[in-house]
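# Coordinate analysis (summary)
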Protein chains: 2
Amino acid sequence: MKKVTSIILLALMIFPLITVAQSFPEGTFPNEHNLDGAQWPRVDAEGNTYFSVFAPYAKKVQISFRGPMTREADGYWTYVSPEPEAVGFHYYQLIIDSVNVADPATKSYYGMSKWVSAIEIPEGLPYDKTQNVPHGEIRMKRYWSEMTQTWRMSYVYTPPQYDQNNDERYPVLYLQHGGGEDETGWVFQGRMGDIMDNLIAEGKAVPMIVVMDRGYARLPGSEPMGRFDDQRMNAFLAGATPPAAPPAAPTAQRPAPPAPPFRFLSIFPELLVKEIVPMIDAAYRTKTDRESRAMAGLSMGGMHTFQVVMPNLDKFAYLGGFSGGAGGVDQIDTMYNGIFNNPQQFNQQIKLMFLSIGSGERPERVKAFAEALQAKGLKNVVYYESEGSAHEWLTWRRSLREFAPLLFQDVQK
Amino acid sequence: MKKVTSIILLALMIFPLITVAQSFPEGTFPNEHNLDGAQWPRVDAEGNTYFSVFAPYAKKVQISFRGPMTREADGYWTYVSPEPEAVGFHYYQLIIDSVNVADPATKSYYGMSKWVSAIEIPEGLPYDKTQNVPHGEIRMKRYWSEMTQTWRMSYVYTPPQYDQNNDERYPVLYLQHGGGEDETGWVFQGRMGDIMDNLIAEGKAVPMIVVMDRGYARLPGSEPMGRFDDQRMNAFLAGATPPAAPPAAPTAQRPAPPAPPFRFLSIFPELLVKEIVPMIDAAYRTKTDRESRAMAGLSMGGMHTFQVVMPNLDKFAYLGGFSGGAGGVDQIDTMYNGIFNNPQQFNQQIKLMFLSIGSGERPERVKAFAEALQAKGLKNVVYYESEGSAHEWLTWRRSLREFAPLLFQDVQK
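This is a predicted model, so every value here is computed, not measured.

## Topic: the overall build of chain A
Summing up its helical and strand segments, chain A has eleven helices and 19 strands in all. For chain A, with 413 residues in total, the buried portion stands at 63%. The long-range share in chain A, meaning contacts at least 24 apart out of those at least 6 apart in sequence, stands at 71%. Surface summary for chain A: the accessible area is close to 15,200 Å², and the carbon and sulfur share equals 54%.

## Here we look at the sheet that holds strand S5 (residues 70-71) of chain B
Where strands meet in a sheet, backbone hydrogen bonds hold them as pairs that are either parallel or antiparallel. The strand order across the open sheet formed by five strands is S1-S2-S3-S6-S5 (chain B), and the pairing between neighbours is antiparallel. For this open sheet the edge positions go to strand S1 (28-30) and S5 of chain B, each flanked by a neighbour on one side alone.

## Considerations on the pairing of strand S12 (residues 137-145) of chain B
Summarising burial for S12 of chain B: seven of the nine residues are buried, a large majority. For strand S12 (residues 137-145) of chain A and S12 of chain B, the ladder comprises three bridges, and the chain directions are antiparallel. Among the inter-strand pairings, Arg139 of chain A is bridged to a residue of S12 of chain B, identified as Arg139 of chain B. Of the pairings in the sheet, the one linking S12 of chain B to strand S13 (residues 150-158) of chain B comprises nine bridges and is antiparallel in character. Bridge pairing links Ser145 of chain B to Thr150 of chain B in S13 of chain B.

## Structural notes on the packing of helix H4 (residues 192-201) of chain B against helix H10 (residues 393-403) of chain B
All names here are of chain B. It is the contact of H4 with H10, at a shortest axis distance of 10 Å, that shows an interaxial angle of 25°. In terms of axis orientation, H4 runs roughly parallel to H10. Here the hand of the crossing between H4 and H10 comes out right-handed. In contact with Met192, Ile195, Met196 and Leu199 of H4, H10 contributes Arg397, Leu400 and Arg401. Along the lines of polarity and charge, the residues of the contact of H4 with H10 split into five nonpolar, no polar and two charged.

## Some points on unusual backbone geometry
Negative phi values dominate among residues other than glycine, just as trans dominates among peptide bonds. Cis peptide bonds are those with omega within 30 degrees of zero, and the linkage from Trp40 of chain A to Pro41 of chain A qualifies with 0°. On the secondary structure map, Pro41 of chain A appears in the loop between strand S1 (28-30) and strand S2 (42-44). Even without a glycine there, the phi angle at Gln149 of chain A is positive, about 55°. Structurally, the position occupied by Gln149 of chain A is in the loop between S12 and strand S13 (150-158). Here Gln161 of chain B, not a glycine, exhibits a phi torsion of approximately 75°, which is positive. With respect to the element layout, Gln161 of chain B can be found in the loop between S13 and strand S14 (172-176).

## Quick word on the environment of Asp333 of chain A
All names here are of chain A. Structurally, Asp333 is set in the loop between strand S17 (318-322) and helix H8 (343-349). Sequence separation between Asp333 and Trp144 is 189 residues; the distance between their C-alpha atoms is 40 Å. Ignoring sequence-local partners within four residues, the contact set of Asp333 consists of Gly338, Asn341 and Lys376. Only 3.1 Å separates the side chain of Asp333 from the side chain of Asn341, close enough to count as a polar contact. A polar contact is formed between the side chain of Asp333 and the side chain of Lys376, at a distance of 3.0 Å.

## Structural notes on the pattern of salt bridges
Tallying each qualifying case throughout the model produces 50 salt bridges over all chains. Ionic pairing is found between Arg397 of chain B and Glu120 of chain B, a salt bridge with its closest N-O pair at 2.6 Å. In this pair, Arg397 of chain B is assigned in helix H10 and Glu120 of chain B in strand S11 (residues 114-121), connecting sequence segments 277 residues apart. The closest approach of N and O atoms between Asp213 of chain B and Arg152 of chain B, which form a salt bridge, is 2.7 Å. Of this pair, Asp213 of chain B sits in the loop between strand S15 (209-212) and helix H5 (230-237) while Arg152 of chain B sits in strand S13; the two residues are 61 residues apart in sequence, bridging distant segments of the chain. As far as burial versus exposure is concerned, Asp213 of chain B and Arg152 of chain B are alike and both buried. When salt bridges that share partners are traced, they join Glu32, Glu120, Asp128, Lys129, Arg191 and Arg397 of chain A into one network.

## Side note on the environment of Thr184 of chain B
Mapping Thr184 of chain B onto the fold places it in the loop between S14 and helix H3 (185-188). Beyond its immediate sequence surroundings of up to four residues, Thr184 of chain B is in contact with Tyr110, Tyr155 and Gln189 of chain B.

## Quick look at the sheet that holds strand S8 (residues 94-96) of chain A
All names here are of chain A. The three strands lie next to each other as S4-S8-S9, forming an open sheet whose pairing is antiparallel. Lying at the two open borders of the sheet, with one neighbouring strand each, are strand S4 (61-63) and strand S9 (99-101). For this sheet, the mean inter-axis angle between neighbouring strands, taken without regard to orientation, is 25°. Pairing of S4 with S8 involves three bridges; the strand directions are antiparallel.

## Considering the confidence of the model for chain A
All names here are of chain A. Of the residues in chain A, 84% reach a pLDDT of 70 or more, and the chain-wide mean stands at 88. Contacts of residues 9-21 to residues separated by more than four positions or lying in other chains number 31 contacts, the stretch itself having pLDDT below 50. Counting contacts from residues 237-264, a segment whose pLDDT is below 50, to residues more than four positions away or on other chains yields 58 contacts. The ipTM, which scores confidence in the relative placement of chains, is 0.88 for this predicted complex, and the corresponding pTM is 0.89.

## Concerning the pairing of strand S18 (residues 352-358) of chain A
Residue and element names in this part refer to chain A. In terms of burial, S18 is largely enclosed, as seven of its seven residues are buried. The two faces of S18 match: Leu352, Phe354, Ser356 and Gly358 on one face and Met353, Leu355 and Ile357 on the other face are all buried. Of the strand pairs in this sheet, S17 and S18 are connected by five bridges, and their pairing is parallel. Note on S18: the bridge partner recorded for Phe322 is Ser356. Relative to strand S19 (residues 381-386), S18 is paired through six bridges, and the arrangement is parallel. When the bridges of S19 are listed, Met353 appears paired with Val381. Crossover connection from S18 via helix H9 (residues 364-375) to parallel S19: handedness right-handed.

## Considering the packing of aromatic side chains
Residue and element names in this part refer to chain A. Applying the stated criterion across every chain yields a total of 45 aromatic pairs over all chains. On the numbers, 5.2 Å between centres and 85° between planes, the contact of Phe89 with Tyr91 is edge-to-face. Across this residue pair, the class does not change: Phe89 and Tyr91 are buried. Judged by centre distance (6.0 Å) and plane angle (65°), the rings of Tyr110 and Trp115 are edge-to-face. For the pair shown, Tyr110 and Trp115 are each scored as buried. Each residue in the set Trp186, Phe322, Phe354, Tyr384, Trp393, Trp396 and Phe403 is aromatic and connected to the rest through ring pairs, giving one cluster. A cation sits over an aromatic face here: Arg42 above Trp40, 5.8 Å from the ring centre.

Reading the values: rules and limits
Residues numbered from 1 in each chain as written. Chains lettered and ligands numbered in written order. Predicted model: local features only at pLDDT ≥ 70, side-chain atom pairs only at ≥ 80, totals over all residues. Heavy atoms only, no water. Helix = DSSP H or I, 4+ residues; strand = E, 2+ residues; numbered from the N terminus. Buried < 20%, exposed > 50% of the residue type's maximum accessible area, 1.4 Å probe, protein only. Contact = heavy atoms within 4.5 Å. Areas by Shrake-Rupley, 256 points an atom, 1.4 Å probe, with all protein chains shown as cover. Pairing = 2+ DSSP bridges. Axes fitted to C-alpha atoms, helices over the stretch in contact; angles between N-to-C directions. Parallel < 35°, antiparallel > 145°, perpendicular 65-115°, else oblique. Left-handed = near helix turned anticlockwise from the far one by under 90°. Nonpolar A, V, L, I, M, F, W, Y, C, P; charged D, E, K, R; others polar. Polar contact = N/O pair within 3.5 Å; in protein donor to acceptor, adjacent residues only side chain to side chain. Salt bridge = Lys/Arg side-chain N within 4 Å of Asp/Glu carboxyl O. pLDDT = per-residue confidence, 0-100. Right-handed = clockwise from strand over helix to strand, strands pointing away. Phe/Tyr/Trp six-rings, centres within 6.5 Å; stacked < 30°, edge-to-face > 60°. Lys NZ or Arg CZ within 6 Å of the ring centre and 35° of its normal.

What follows is the structure, encoded as structure tokens:
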């Protein structure tokens, strides 16, 4: 790889070439997910986004979920949002002559079932930032899974002083990502380490262990999930069969995809109960009673949370569904063996059922579900609505900030 | 992001559409760095590589460091290596109409100063694979740096049983990545966790803590390193100023870049001695004597290793330069205050000076340097040549496998 080395070194040499060409719209600043020194994409205080990509030989360049870019005379393609975007963290890809790829100017995150880019409209609050407080560690914990016959990885947050307090045992929160993400989602996109460190330092949350695992698991020999093939997706959505000869680049915006049946092929909920919980209790100084164990997750992870906790109330006493996991009001009387019609049992067994959603993702259904539960006299149902945020990580960072302080408080008294 | 959710779900629905179109050259198997279920790129037992990218609207698609791809009638672009590639881990990018990007079919790794793809010609040995042995943990350790006025992250490997043996203290290896990489390089590209777990399980290496940090550090207010801008690089190398109107895609191969002056703007070596070592000794159960502390690194990290260890022999007794850090034979008499001319001092102070390099990256200079040192009566100089591998991670995984067993053996006796 001498070429690589030479090219990296050359990059240092041509740095002036890069900077000279740049000029920035007033009031804009680099996206916080850009690589060190990368000036584009940018955002402004109002939440507008600004993209600039050098692609002189491309016929068409787009930013996913946004309009087409404009080709400038100097070979750059530019896009400015027509109006401010929703506050928070947005996944995106570049689409270069119909090929969807991560923007090389940003860090990559695992989401949308692949490694993609992110642009963030900053909320400007400190709760999810690294502050001068004691910091826990996030540990990569390798373990063997008998059910799947694979080596798997858990990311495990241990609170500050875990290594010093060798006689102390801690309650455990199992915290899950959403569809198309993995065990790294809460660590990087979700900033759970900083959120927990800050809550614990403020005395709002009790020190706890947080376990993040991969919500995908399949039996040996079963098929992997289908890969998300953007290029075929684009052709599919454009109604195009791949042309025999290169055609002109497609001009139309992609129509909204039809809604397919909701299904996830995963034995994860069973795996968590049978293998992950015992593995964690053996490897870490955990409290193992039901009132010292909680689970929460976002979107698909919220669904997994209800699938795990409701049939296993002997093992869990707290649960949270962030933008997922709630049912419909019409199902209330029949769900989970009718427990919602038994306030005495519910109030005695469930210390917290937390339901949250962003105001930007049609919250009505979840809110109605939470209110219907409360109307039945279920005491520990909490509803949280994240103002102005969508089905994205800002909604879920805020949900963790609101959820974690409600956990394990009696246990400590 | 309801769109994202819908699109992910849609992906499941159109999975058949994806699989039907695939057919595979005989004897090939998916690259081990592909995403779960991704069938391309592929490799075969001889070390040939096979790429296939769906890009019906692109004018030209290339695989970096390789020839142009061929456009097939169905909208796929294909490339097959004309001859077997070097064994091991190769970074690569797709180049789509002159835009360099990561291949969305693979995992992304931080290298080449950005998130890029990898294809690997498997060596087929178990030493760097996850095996049924006790596993250590790799911990993300956040710390504040006074010198840079920034929060930084160390990745810290703690050996198996670290949490159980609360009275035991461990020697420490500081292990550095190369240019354009970061503290995650040894964890993911380098597989150091599996390598150390396996060596320790076999009794070849003593249990040790391994600290991996980011070799880039700058004083507050100083400029970030220039970003590696492939698109401008391509225009630069093609001698092209960005055209006013879209030109035909470039046809010529990129000429080899001229060699610029070698420079890295980093205060990392000083930072490691003044801040990282004390932070690690405070946070973990380390042995703090010089004979319990080692440092090694690859390429730029090898240079950092010599910059750190040679002036600080009161703090370190072992060092390793993997594809980097060795000097020229002509400098031997003057380097490091002439210590190479003082066998008595060298043999007493330096328990190990390990120099390694791949046979595929012109090893002559490093080998001559090592032999010249040995010829001077320096006892603890070890030279290792990695057969058939280049300036890439396979050379460095093997180097760690050879280096780690030579560390701290007396200490344990």
